[in-house]
Amino acid sequence: LAIRRRRHSFASPEDIIVTRELAMPTLHAAIMDTAPEQRADLLRQALPDIFDFHHRGFVHGDFLAGNMMWDGQHVHFIDHDRTWRRLPQGTRDERFRNLVQFCYHLEMGTRQLALGEQFLVGYNRLAEAAYGQPLVEVDALQALVYRKLVRKIRKYDLENWLPPQP
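Residues numbered from 1 in each chain as written. Predicted model: local features only at pLDDT ≥ 70, side-chain atom pairs only at ≥ 80, totals over all residues. Heavy atoms only, no water.

Student: For this particular structure, what's the right way to read the overall build of the chain?
Tutor: On a plain count of helices and strands, the chain comes out with five helices and six strands. Each helix (α) and strand (β) of the chain, taken in turn from the N terminus, gives the series β-β-α-α-β-β-β-β-α-α-α. Counting over 166 residues, the chain shows a buried share of 36%. For the chain, contacts bridging at least 24 residues in sequence account for 61% of all contacts bridging at least 6. Accessible surface, the chain: about 10400 Å² in total, of which carbon and sulfur atoms supply 51%. (Helix = DSSP H or I, 4+ residues; strand = E, 2+ residues; numbered from the N terminus. Buried < 20%, exposed > 50% of the residue type's maximum accessible area, 1.4 Å probe, protein only. Contact = heavy atoms within 4.5 Å. Areas by Shrake-Rupley, 256 points an atom, 1.4 Å probe, with all protein chains shown as cover.)

Below you can see the structure in the form of structure tokens.
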């Protein structure tokens, strides 16, 4: 592990972090390699580490499954150039932005609309255990996710976006 600050002549300094190579797939790759009917189970396994990230006060500027490595049991977060710590547990709005971003990309990538909602319900269960109350308004956040999905589908005219129903 090494950290170095590189200075540019007319730009802001840039911090460079070098870590060991993680020989494991991203959480996104693991989800996509999992049968659609088993993806919710994989997310349930990853959920405690994702919740713990927020519980410890961290907010990730690019909260995507592609920025999380999956070793089969735990999530390892990468791409921390826009990660910061806010105590206690990050601000509500920052945490919500993380969750909407995660669920939007999850549902856009898998084309399974229920996955985001299942993830948010599981997140709330962990929040209730930790704080005695839910932290997330599942319906409100899922509405934001759907709004983003609809805008994207309309913008790119993705009329066949959802797979055919059996």
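Further notes follow.
Student: Looking at this model, I keep getting lost on the confidence of the model for the chain. Mind explaining?
Tutor: Mean pLDDT over the chain: 84, with 80% of residues reaching 70 or higher. The least confident element of the chain is strand β1 (residues 2–6), whose mean pLDDT is 58; the most confident is helix α1 (residues 27–32), at 96. (pLDDT = per-residue confidence, 0-100.)

Student: Is there a simple way to explain the layout of surface pockets in this structure?
Tutor: Its volume calculated, the second largest pocket comes out at about 220 Å³. Taken together, Asp49, Asp52, Phe53, Arg56, Phe58, Val75, Phe77, His80 and Thr83 make up the lining of the second largest pocket. Looking at the lining of the second largest pocket, the elements that each hand over two or more residues are α2 (39–55) and β5 (75–77). If you tally residues by element for the lining of the second largest pocket, the top one is α2, at three residues. Residues of the lining of the second largest pocket, tallied by class, amount to four nonpolar, two polar and three charged. (1 Å grid on protein atoms, 1.4 Å probe; cavity = no way out; pocket = protein on both sides within 12 Å on 5 of 7 lines; lining within 4 Å. Points joined across faces, edges and corners; volume = space filled by probe spheres on them. Nonpolar A, V, L, I, M, F, W, Y, C, P; charged D, E, K, R; others polar.)

Student: Even after reading the chapter, I still don't get helix α4 (residues 114–131), so can you show me in this structure?
Tutor: Think of an α-helix as turning once every 3.6 residues; residues three or four places apart then point the same way. Look at α4: 26 Å from first C-alpha to last across 18 residues, which is about the 26 Å you get at 1.5 Å a residue. Along α4, the residues classified as buried are Leu115, Gly116, Phe119, Leu120, Gly122, Tyr123, Asn124 and Ala127. Positive backbone phi, approximately 80°, marks glycine 132, located one or two places after α4. (Expected span 1.5 Å × (residues − 1).)

Student: Sorry if this is basic, but what is going on with the nonpolar core here?
Tutor: The tendency in soluble globular proteins is for nonpolar side chains to be buried side by side. If you look at the biggest cluster of nonpolar residues, it comprises 36 residues, and the most contacted ones within it are Leu27, Ile50, Phe102, Phe119 and Val136. Elements with a contribution of two residues or more to this core: α1, α2, β4 (68–70), β5, α3 (92–110), α4 and α5 (138–155). (Core = buried A, V, L, I, M, F, W, Y, C linked by side-chain atoms within 4.5 Å.)

Student: Explain empty space enclosed by the protein to me, please; I cannot follow it from the model alone.
Tutor: Empty pockets left among the atoms are what a rolling probe the size of a water molecule brings to light. In this structure the tally under the stated criterion is one cavity of 30 Å³ or more. There is about 50 Å³ of room inside the largest cavity. For the largest cavity, the full set of lining residues is Ala40, Leu43, Arg44, Leu47, Leu115, Gln118 and Phe119. If one sorts the elements of the lining of the largest cavity by residue count, α2 sits on top with four residues.

Student: Help me understand the side chain of glutamate 107 in this model?
Tutor: With respect to the element layout, glutamate 107 can be found in helix α3. Buried and unpaired, glutamate 107 has no salt bridge, with lysine 148 as the nearest side chain of opposite charge at 11 Å. (Lys, Arg positive; Asp, Glu negative; His and termini not counted. Salt bridge = Lys/Arg side-chain N within 4 Å of Asp/Glu carboxyl O.)

Student: Please clarify how the packing of α2 against α4 should be interpreted in this entry.
Tutor: For any two helices packed against each other, the geometry comes down to the angle between their axes and how far apart the axes lie. At a minimum axis distance of 9 Å, the contact between α2 and α4 shows a crossing angle of 45°. Judged by the angle between their axes, α2 and α4 are oblique. Pair α2 / α4 crosses with right-handed handedness. Contacts from Arg39, Ala40, Leu43, Leu47, Pro48, Ile50, Phe51, His54 and His55 in α2 reach Leu115, Gln118, Phe119, Gly122, Tyr123, Leu126, Ala127, Ala130 and Tyr131 in α4. (Axes fitted to C-alpha atoms, helices over the stretch in contact; angles between N-to-C directions. Parallel < 35°, antiparallel > 145°, perpendicular 65-115°, else oblique. Left-handed = near helix turned anticlockwise from the far one by under 90°.)

Student: Before we go on, may I ask you to explain α3 in this structure?
Tutor: Spanning 19 residues, α3 covers 27 Å between terminal C-alpha atoms, matching the ideal 27 Å at 1.5 Å per step. The buried fraction of α3 is high, at 14 of 19 residues. At the C-terminal side of α3, arginine 111 shows a positive phi close to 60°.

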